[in-house]
Amino acid sequence: MNMSNTASIHEEPVAMTASAAPLLDVKGLRVAYGKVEALTGVDLQVREGQIVTVIGPNGAGKTTLLSAIMGLLPSRGDIHFDDIHYISPEVEILVGRGLGLVPEKRELFSTMTVEDNLLLGAFQRYRRGDDSFEITLAEIYSLFPRLWERRHQQAGTLSGGERQMLAIGRAMMGKPKLLMLDEPSLGLAPLITREIFRIFADLRRQGVAILLVEQNARAALKVADYAYVLEGGQFAMHGPAADLANDSRVIDAYLGLASKHQELLSS
Amino acid sequence: MNLQIALLLGQDGITNGAIYALLALSILLVFTVTRILLIPLGEFVTFGALTMATIQSGKPVLFVWLLLALTLVDAALDIRQQVGQRFDMARLRMTAIKIGYAVLMVVIANTVPLADIPMAFQALLTLCLLVPLGPLMYRLFFQPLADAHSLVLLIVSIAVHVAMVGVGLLLFGPEGARTLPFSDTGLHLGPVMLKSQTIWVILVSVLLIVTLFVTFERTLYGKALRATAVNRVGARLLGISPVFAGKATFALAALIGVSSGILIAPITTLYFDSGFIISLKGFVGAIIGGLISYPVAAVGAVAVGLIEAFSMFWASTYKEIIVFTLIIPFLLWRSMTSHHVEDDE
Ligand SMILES: Nc1ncnc2c1ncn2[C@@H]1O[C@H](COP(=O)(O)OP(=O)(O)O)[C@@H](O)[C@H]1O
Ligand SMILES: [Mg+2]
C-alpha cells in the first residue's frame, strides 16, 4: 500500500460516524499506583471505524491507560464503551461486548500451540454459541501465513515478530469492535512493522476501531485518524493525526532527528 | 515372600495407587489453575464414601441440608452483588436453577427409599449431592481471595479442611463405615484371583483419566483451563474468567474425590477424619511430579501405592513413615534441579 491510498481513506469513517455517540468515551480518568497518580484525569474518544493513536515518552502512562480501559486496573472517572458505562467492570463482560487488548507483554500461552492460542481468542464467541470463528481463523491464517506454517508449534518457540502476529491474531479472533494495541512495533524489524501497520489499515476498512499506543510516533501518525500526545499522565496535545504530524512541537519531541536515532537504535 | 503374596500385594498397591493417582491429578489441576493447594480434597473422598454408606444403611442423608444451606448463602451473595447494578436476567435465572436443584435434592433424599434402589443409582445420587460442593466451596471461601498471596490461600485451604472434618463428624458420626462391593465375582488369572473391586477401581480410574485428558486436549473449555494455568492475565484478556476457571476445576476435583471415595468404600473402612492421610499420599505423587507434570505425578502416585502395600508386609508399623519419607529425596532432587520459574511468560 502506498501513501496516497492511506490518505484517501482518512476522512471517510470520521465523517460517516461523526454524529453518532463514540464507541469509546473516556472522561476524567484517574489511575493511581498506591499514592502515585499515573493518570491525572484524561479525556479520550474513539469512534467506530476510526484509528486513534496515543503517543508519548516512556513512563507517560500509556500502558496504564489501556489497562484501565480494559478493566484490569481500578480507576476513577467515567468510561463508556458500546453503551456500557463502567467504573471497574469485569474484563470478561467487556471482552464479550467487543473490546480487545494486545498487551505490552503479549501474554501468550507459551506452552500451548499457536493454533490453540488463536482458538482461545474466540473463547467468548464459542461460549455464546457463535461458531463462525472457524472462518475468522482461516482469515487470520491467510493474513499471517507464518502462523499457519507454525500452527502446531508451541507459542514459546516463536520469534519476536511471529509472537507479535500471534498476539494480534489472537485478539482478532474475538472479533472486537475496538482493538487496543500496546506498542505493537516494539522490538520488531522495520519490514515487519510496516506489514503490521498495513493490517491496521485493513482492519479499519472492515469497520474495526483501533486504539494504538506507540513510541514509534512516525508510523503511528501516518496510519491514524486522530492522535493524542500523553506526557506525565496528561494529554499535552490532541488533534487530527495529520495536523499533529506537522506540528512543530511534535516534530521536535517525537519526529525530529534525535527521536529518529532512537527509533533506529530500538529497532 | 512368595510370588502369590507378591502378586496380592501388587494388586492392593495398584488399587490404592490408582486412587492416589486420581487425587494427585486433581491436586495438580487445582494448583496450576488457581494456585490453591486443595487440602480439603480428602474430605470429598470421605464424604463420598460415608454418604454412600449412609444411603445403603437407610439412615437419613443429613448432608443434603448442608448443600441447601450453602446454596442459599451462595444465592444471597449473588443477589447482593446484583443490587445496584443493572438486573441481569440470565444470572437471576441461574441463581433460581441452583436453588431449585438443591431443593430437588432435599426432596429426593427425604422421599425416595434410597437403600432399596440399585447401587449404580446410589452412586449417581452421591455424586449429584456432593459434586456441587466443589464450586460452592470455591465461591464461598476462595473467590473473594482470588488475588491474595499463595500463603493466604494455603491457610484458608487448611481452615476449610479443618471445618470440613468437623462437619463430617457432625453429619456422619464417629463410626467408620464400609459399603457393599459393586459386584461379587472375581477374575481368576493363573495363580491369582483379581478382586472385583480392584478391577472396578482400575477401570473407573483409567476412564476418568482418559476423560480428563480428552477434555484438556480437545475441548475449548479444557484448553481455557490450561490457558489459565499457563498465563492468568492472558486468559483474562480473552474473557476466560478466573471465577469460571476456579469453579470448573473445583467441580472436577470434587468429581474425582467423590468418585474415589465411592470406589474405595467397599475395600477400606473410612472415618470422618480419614481424608487427610489419603490426600497426603496423592500429594506425595503430585510432589514427585514437581507440581507440574501430570504423567510423572500419576506414575509417582501409583509407586506410592505399591510402596505402601509392600512396606505393610515387611514393616507394617512403619508404613506411613516410609511413604512420607519418600518425599524427602524428591524434594531435595527437585530443589537441586529446578530453576526459578518467572511469573510472567
Ligand atoms: N505496577 C506499577 N506499580 C507502580 N507504578 C507503576 C506500575 N506500572 C507503571 N507504573 C508507573 O506509572 C507510570 C506510567 O507507566 P506506564 O503506563 O507503564 O507508561 P508507558 O506505558 O507510557 O511507558 C510510570 O511512572 C511507571 O513507573
Ligand atoms: Mg508501556
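Just so you know, these numbers come straight off a predicted model, no measurement behind them.

Q: Lay out the overall build of chain B in plain terms, naming residues and giving numbers.
A: Across its full length, chain B carries 15 helices and two strands. Its C-alpha atoms give chain B a radius of gyration of 21 Å, within 12% of the compact-globule value 20 Å for 345 residues. Judged by the C-alpha coordinates and their principal axes, chain B covers about 75 × 55 × 35 Å. Looking at chain B as a whole, 46% of its 345 residues qualify as buried. At a minimum sequence separation of 6, the contacts of chain B that also span at least 24 residues come to 78%. When the accessible surface of chain B is totalled, it reaches about 16,300 Å², and 73% of it is carbon and sulfur. In chain B, the 19 positive side-chain charges and the 17 negative ones have mean positions that sit 6 Å from each other.

Q: Give me the domain arrangement of chain A: which residues, what numbers.
A: Residues and elements named next belong to chain A. When its domains are assigned, chain A resolves into domain 1 (24-98 + 176-266) and domain 2 (109-175). For domain 1 and domain 2, the distance between their C-alpha centroids amounts to 23 Å. Taken residue by residue, the interface counts 16 residues in domain 1 and 13 residues in domain 2. Regarding the contact of domain 1 and domain 2, the summed buried area is about 1,100 Å², with carbon and sulfur atoms giving 72% of it. Our count for the contact surface shared by domain 1 and domain 2 stands at three residue pairs in polar contact (both at pLDDT 80 or more). Taken together, the elements giving at least two residues each to the side of domain 1 that touches domain 2 come down to α4 (91-97), β7 (178-182) and α10 (190-205).

Q: So what's going on with the confidence of the model for chain A? Residues and values would help.
A: Parts of the model with low pLDDT should not have their predicted coordinates read in detail. All names here are of chain A. For chain A, mean pLDDT is 85; residues scoring 70 or higher make up 87% of the total. At the low end of the mean pLDDT range in chain A sits helix α1 (residues 3-8), at 39; at the high end sits helix α5 (residues 114-120), at 97. In this model, residues 1-18 is a region of pLDDT below 50 whose contacts with residues beyond four sequence positions or in other chains number 19 contacts.

Q: Give a description of helix α7 (residues 150-172) of chain B that names residues and reports values.
A: Residue and element names in this part refer to chain B. Over its 23 residues, α7 extends 32 Å from the first C-alpha to the last, a length consistent with the 33 Å expected when each residue adds 1.5 Å. Along α7, the residues classified as buried are Leu 153, Val 156, Ser 157, Val 160, His 161, Met 164, Val 165, Gly 168, Leu 171 and Phe 172. Those residues of α7 hidden inside the fold are in contact with α1 (3-34), α2 (41-57), α3 (63-82), α6 (133-142) and α12 (275-288). Immediately downstream of α7, the backbone of Gly 173 shows phi near 75°, a positive value.

Q: Tell me about the packing of aromatic side chains, residues and numbers included.
A: According to the stated counting rule, one finds 16 aromatic pairs over all chains in the structure shown. Plain terms: the ring middles of B:Phe313 and B:Trp314 are 6.0 Å apart, the flat faces sit at 70° to each other, and that makes the pair edge-to-face. Joined through ring pairs, the aromatic side chains of A:Phe123, A:Tyr126, A:Phe133, B:Tyr221 and B:Phe244 make up one cluster. Cation over ring: A:Arg127 sits above B:Phe244, and NZ or CZ is 5.0 Å from the ring centre. The aromatic ring of A:Trp148 is capped on one face by A:Arg151, whose charged end is 3.6 Å from the ring centroid.

Q: Provide a residue-level description of the site of ligand 1, including the pertinent values.
A: Residues and elements named next belong to chain A. Lining the immediate surroundings of ligand 1 are Tyr 33, Ala 38, Pro 57, Asn 58, Gly 59, Ala 60, Gly 61, Lys 62, Thr 63 and Thr 64. Within the contact set of ligand 1, an oxygen atom lies 3.2 Å away from a side-chain nitrogen or oxygen of Asn 58. In isolation ligand 1 has 560 Å² of accessible area, and contact with the protein removes 56% of it. Tallying contributions element by element places helix α3 (residues 62-70) first for the shell around ligand 1, with three residues. Residues that form the shell around ligand 1 fall into these classes: four nonpolar, five polar and one charged.

Q: Got a sec to walk through the nonpolar core? Specific residues and values, please.
A: Counting residues in hydrophobic clusters, the biggest one holds 75 residues, and the most contacted among them are B:Phe47, B:Phe63, B:Leu129, B:Phe142 and B:Phe250. Broken down by element, this core gets its largest block of residues, ten residues, from α1(B). Among residues more than four places away in sequence, those in contact with B:Leu129 are B:Thr51, B:Val61, B:Phe63, B:Val64, B:Leu67 and B:Met105. Formed by 69 residues, the second largest nonpolar core is a distinct cluster that contains A:Leu108, A:Met173, A:Val208 and B:Leu212.

Criteria and thresholds
- Residues numbered from 1 in each chain as written.
- Chains lettered and ligands numbered in written order.
- Predicted model: local features only at pLDDT ≥ 70, side-chain atom pairs only at ≥ 80, totals over all residues.
- Heavy atoms only, no water.
- Helix = DSSP H or I, 4+ residues; strand = E, 2+ residues; numbered from the N terminus.
- Rg over C-alpha atoms; globule rule 2.2 N^0.38 Å.
- Buried < 20%, exposed > 50% of the residue type's maximum accessible area, 1.4 Å probe, protein only.
- Contact = heavy atoms within 4.5 Å.
- Areas by Shrake-Rupley, 256 points an atom, 1.4 Å probe, with all protein chains shown as cover.
- Lys, Arg positive; Asp, Glu negative; His and termini not counted.
- Charge placed at Lys NZ, Arg CZ, Asp CG, Glu CD.
- Domains from an automatic or database assignment.
- Buried area = accessible area lost by both parts, 1.4 Å probe.
- Polar contact = N/O pair within 3.5 Å; in protein donor to acceptor, adjacent residues only side chain to side chain.
- pLDDT = per-residue confidence, 0-100.
- Expected span 1.5 Å × (residues − 1).
- Phe/Tyr/Trp six-rings, centres within 6.5 Å; stacked < 30°, edge-to-face > 60°.
- Lys NZ or Arg CZ within 6 Å of the ring centre and 35° of its normal.
- Near = heavy atom within 4 Å.
- Nonpolar A, V, L, I, M, F, W, Y, C, P; charged D, E, K, R; others polar.
- Core = buried A, V, L, I, M, F, W, Y, C linked by side-chain atoms within 4.5 Å.

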